[in-house]
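# Structural description and commentary
Residues per chain, in single letters:
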Number of protein chains: 2
Amino acid sequence: MSVLEQAAAARVAAIDLAGATRAEKDRALLLMADRLVERTDDIVHANGVDIANARENGLSESVIDRLALDPERVAAMADGLRQLAALPDPVGDVVRGSTLANGLELRQVRVPFGVVGMIYEGRPNVTADAAGICLKSGNAALLRGSGSAFSSNAAIVSVLRKAVADAGLPANTIQLLDATTRDSVKELMRARGLVDVLIPRGGASLIKTVVEQSTVPVIETGVGNCHVYVDSAADLEKALGVTLNSKTQRYSTCNTAESLLVHVEIADTFLPLILSSLAEAGVTVHGDARVSGYSDAVVTATEEDWGTEYLSPDISVAVVDSLDDALDHIRRYGTGHTEAIVSESTTATRRFVAGVDAAAVMVNASTRFTDGGEFGFGAEIGISTQKLHARGPMGLPELTSTKYVVTGNGHTR
Amino acid sequence: MSVLEQAAAARVAAIDLAGATRAEKDRALLLMADRLVERTDDIVHANGVDIANARENGLSESVIDRLALDPERVAAMADGLRQLAALPDPVGDVVRGSTLANGLELRQVRVPFGVVGMIYEGRPNVTADAAGICLKSGNAALLRGSGSAFSSNAAIVSVLRKAVADAGLPANTIQLLDATTRDSVKELMRARGLVDVLIPRGGASLIKTVVEQSTVPVIETGVGNCHVYVDSAADLEKALGVTLNSKTQRYSTCNTAESLLVHVEIADTFLPLILSSLAEAGVTVHGDARVSGYSDAVVTATEEDWGTEYLSPDISVAVVDSLDDALDHIRRYGTGHTEAIVSESTTATRRFVAGVDAAAVMVNASTRFTDGGEFGFGAEIGISTQKLHARGPMGLPELTSTKYVVTGNGHTR
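What you see is a predicted model, and the numbers here were worked out from it, not measured in a lab. (Residues numbered from 1 in each chain as written. Chains lettered and ligands numbered in written order. Predicted model: local features only at pLDDT ≥ 70, side-chain atom pairs only at ≥ 80, totals over all residues. Heavy atoms only, no water.)

Turning our eyes to something else, we now look at the overall build of chain A. Scanning chain A for helices and strands turns up 15 helices and 16 strands. Expected size for 413 residues packed as a compact globule is a radius of gyration near 22 Å; at 24 Å, chain A falls within 12% of this value. In terms of overall dimensions, chain A has a C-alpha envelope of 70 × 70 × 35 Å along the principal axes. Counting only carbon and sulfur atoms, one obtains 49% of the accessible surface of chain A, whose full area is about 15600 Å². Taking the 37 positively charged and 52 negatively charged side chains of chain A as two groups, their mean positions are separated by 9 Å. (Helix = DSSP H or I, 4+ residues; strand = E, 2+ residues; numbered from the N terminus. Rg over C-alpha atoms; globule rule 2.2 N^0.38 Å. Areas by Shrake-Rupley, 256 points an atom, 1.4 Å probe, with all protein chains shown as cover. Lys, Arg positive; Asp, Glu negative; His and termini not counted. Charge placed at Lys NZ, Arg CZ, Asp CG, Glu CD.)

Here it is, written out as structure tokens:
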């Protein structure tokens, strides 16, 4: 089947799925979870094909580790689906409602988008996650994973489709697209009218391509050049803790800090401490001229450094003369993901919160908290860095649209 | 200035404007209103240039009527701005908030988009409306009106910019783009990163062009092929009233009904009545074979008729064998704007509401109610027919994004 044929089949499935009750959807999710566990051997076996190909193609061990599935990881996928079943159904939620002066009853109700396209890289567990989140929010999913995980994804989707059908919902609620060719991405991006929203998850270049070429509405995710700004009125201990955690708790995530801005008035006390802690953690500092004065280990930062999302044990560090200079720097180089201030001054934090244009602003807290799990959403399909529709971690409600239902008794204007 | 230079100036203005309090914005809106009234003569004079050009170019009298300004219409623009001042400020609204298990305080707060681009046709009053709505919601506006209204729009924007500056806000909050060339539309559509959202208002072809070519996120508005479905369990009087009102209360609006679907079981009683009422109102009926059997005046409907938004005294009418057939027809030809059912059956209305995928579903009420004013929003910048971000009439909150503000005390993961 072509992508357009799959999308048309998804639309038909979406009509049925939109009318499914929470009980029906949860039953499907629980069956999907059980079947994944039952079919662990088949899934791990299919994964072996991908792993063998990856080794043959000379992919790095870290990539292979992300790709690999074992019984424990399959069980974790199943647990994710069970957790989804426990979450409230966003469909049918009344967002607002009122009775108008003329007696008309107005309700704005959450409804599924219909068909959601996902383009993603890497880990095969995203396949089960995305399928489950889409199903729970009443959407049919078109999944376009990476070529390197195609055998694993095919095995997972085959198990999930069978479970969905056995639970009485349409199997075409979940469909895997051909990942062996770029054409499937192109077709998906042009399937306006059949696909309601496209969510690219992956590297900056994938996201840029989709955003620029798709005629299907896109929710942009994930590129994070996040800053920690240590204000002149910062508490030293909090500044150290927040900076270190933001940078070193995990290097590969979009909410990891990539840049540190230090107010000139606190530079003499704070910089020696943080530079030594970062060195101890094995982080390379790319600093401006003023930062270099504090340590010989500092690599001179280039213009490119300020705009780089390292995703590695590297950080760019600059001394700024004022909070306004910090805001200007963030406006210029930030990606609108997460920006943090460490300060005891209410005036400074108020100005920073108002002045920063980002999905999340942290006050005396690590950038690593921008996460659907940490925010208590229970499920996350990605972190939106755009302003339209959803901004920040996206949970189940972010995968819905709304519909106005207006009830009268023969009302006319 | 080029469009990109104007967009860059708008971004700078937007930073200041985002920090403006409601009091500052309302003061500007009231001054804008006063100045429009004071400068009525200049505005009407500038409008005279557009009118003269329109006559020279042979535009129709109905187009010229929409273009024309007189003191009364200028006063109405001013009133619109005063009403905006009276509405609550959406900026700063806390959409949700909680304290997480670790003590982090989470707030999701409404913030302005930043820079909003509007592409519109026709009436010059849209210029003042759009400028006011953008200002109240904290957004800088880039206004691209029609070439035929350029002199009027230039006069209005000149007055508004001066008022905004005199009220202490940046004049570049409101900018008019060159309307004498199509290039300004193209540049605006490619100004990704400078313009946050683009709202096209006008005919289907304008909207299609913008949706397909813009790399700036778009909110699609306004094409409405709206249906009234008269169910077998309809109350005849309500069915007559709702159908007539939906079609004839105004012909040129997107929420006007363009198609009528009648359940076969009620056709014998309802069709003779409605066909005679529509004929009396001067409406031409384009009917299928079964409808033609009820009146000689019925024009045979072509396949094209079912998908046509007439915006004129025409309506397509079909007899359907079931509610499911009505839903199928609406899925095939509807534009997702407004669909109405007339029925006394709770089962039928429940199925219709669930089965129709549209911005608004009317139960025993006229399609003409889909309107920001009727919904009590106080202001409307258009009616979105897309599912992302905003669906249905868009008021002030729909012109905002959100930002998560997370406050801790040195919190780390």
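All names here are of chain B. When the terminal C-alpha atoms of helix 7 (residues 150-166) are compared, their 24 Å separation across 17 residues agrees well with the 24 Å that a helix rising 1.5 Å per residue should span. If you check which residues of helix 7 are buried, you get Ser152, Asn153, Ala155, Ile156, Val157, Val159, Leu160, Ala163 and Val164. The positive-phi residue at the C-terminal boundary of helix 7 is Gly168, with phi of around 90°. (Expected span 1.5 Å × (residues − 1). Buried < 20%, exposed > 50% of the residue type's maximum accessible area, 1.4 Å probe, protein only.)

So, on to the domain arrangement of chain A. Residues and elements named next belong to chain A. One can read the domain layout of chain A as domain 1 (3-220 + 386-407) and domain 2 (226-369). Computed from C-alpha coordinates alone, the two centres of domain 1 and domain 2 are separated by 35 Å. In this complex, domain 1 contributes 4 residues to the contact, which on the side of domain 2 involves 4 residues. Buried area between domain 1 and domain 2, both sides added, is near 330 Å², and the carbon and sulfur share of it is 36%. The interface formed by domain 1 and domain 2 holds 2 salt bridges in total. Between Arg391 and Asp357 there is a salt bridge, with the nearest N and O atoms lying 2.9 Å from each other. Run the count over domain 1 and domain 2 and you get 2 residue pairs in polar contact (both at pLDDT 80 or more). Here the residues of the side of domain 1 that touches domain 2 are counted per class, giving no nonpolar, 1 polar and 3 charged. (Domains from an automatic or database assignment. Contact = heavy atoms within 4.5 Å. Buried area = accessible area lost by both parts, 1.4 Å probe. Salt bridge = Lys/Arg side-chain N within 4 Å of Asp/Glu carboxyl O. Polar contact = N/O pair within 3.5 Å; in protein donor to acceptor, adjacent residues only side chain to side chain. Nonpolar A, V, L, I, M, F, W, Y, C, P; charged D, E, K, R; others polar.)

By a simple turn and slide, chain A fits onto chain B: the slide is 0.0 Å along the axis, the RMSD is 0.0 Å, and the turn is 180°. What the rotation and shift describe, once combined, is the action of a two-fold rotation axis. Taking C-alpha positions as reference, the residue of chain A nearest the rotation axis is A:His389, located at 1.8 Å. Most of the interface of chain A is mirrored in chain B, where 100% of its interface residues again form contacts. (Least-squares fit on C-alpha atoms with pLDDT ≥ 70 in both.)

Moving on, we come to the pattern of salt bridges. Here the structure, examined in full by the defined rule, presents 49 salt bridges over all chains. A network of salt bridges, in which partner residues are shared, links A:Arg11, A:Asp196, B:Asp357, B:Lys387 and B:Arg391.

What follows covers the environment of A:Ser205. All names here are of chain A. Relative to the helices and strands, Ser205 resides in helix 9 (residues 204-213). The exposure class of Ser205 is exposed, given its relative accessible area of 58%. Linking Ser205 and Val223, residues 18 residues apart in sequence, is a C-alpha distance of 9.8 Å.

So, on to the UniProt feature "domain: Aldehyde dehydrogenase" (unreviewed entry) in chain A. Taking the UniProt record as the reference, the feature "domain: Aldehyde dehydrogenase" (unreviewed entry) is found at residues 7-278 of chain A. Secondary structure over residues 7-278 of chain A splits into 53% helix and 17% strand, and the C-alpha atoms at its two ends are 49 Å apart. (UniProt positions renumbered as here; feature names shortened; annotations may be inferred.)

Let us look at the interface of chain A and chain B. Across the contact, 65 residues belong to chain A and 65 residues belong to chain B. Across the chain A/chain B interface, buried area totals approximately 5500 Å², and carbon plus sulfur atoms make up 55% of it. Sorting the residues of chain A by area buried against chain B places A:Leu388, A:Tyr404 and A:Arg413 first, and these three jointly supply 16% of that buried surface. The salt bridge partner of B:Arg413 is A:Glu374, with a shortest N-O separation of 3.2 Å. For the interface between chain A and chain B, the tally reads 43 residue pairs in polar contact (both at pLDDT 80 or more).

Residue and element names in this part refer to chain A. Read across the sheet, 4 strands follow the order 5-4-3-6 without closing on themselves; strand pairing throughout is parallel. Strand pairing shows two members of the sheet lacking a second neighbour, strand 5 (174-176) and strand 6 (197-201), which therefore form its edges. Shown here is a sheet whose adjacent strand axes are inclined to one another by a mean of 20°, direction ignored. Judged from the 5 bridges that link them, strand 3 (residues 115-120) and strand 6 form a sheet pairing that is parallel. Each bridged residue has a counterpart across the sheet, and for Gly117 the counterpart in strand 6 is Leu198. (Pairing = 2+ DSSP bridges. Axes fitted to C-alpha atoms, helices over the stretch in contact; angles between N-to-C directions.)

Residue and element names in this part refer to chain A. Extensive coverage of strand 12 (residues 338-342) is indicated by the burial of 5 of its 5 residues. The side-chain alternation of strand 12 yields two buried faces, one formed by Thr338, Ala340 and Val342 and the other by Glu339 and Ile341. Pairing geometry for strand 7 (residues 226-230) and strand 12, over 4 bridges, is parallel. In the strand pairing of strand 12, Val228 is matched with Ala340. Here strand 12 pairs with strand 13 (residues 360-365) via 4 bridges, running parallel. In the strand pairing of strand 13, Ile341 is matched with Val363.

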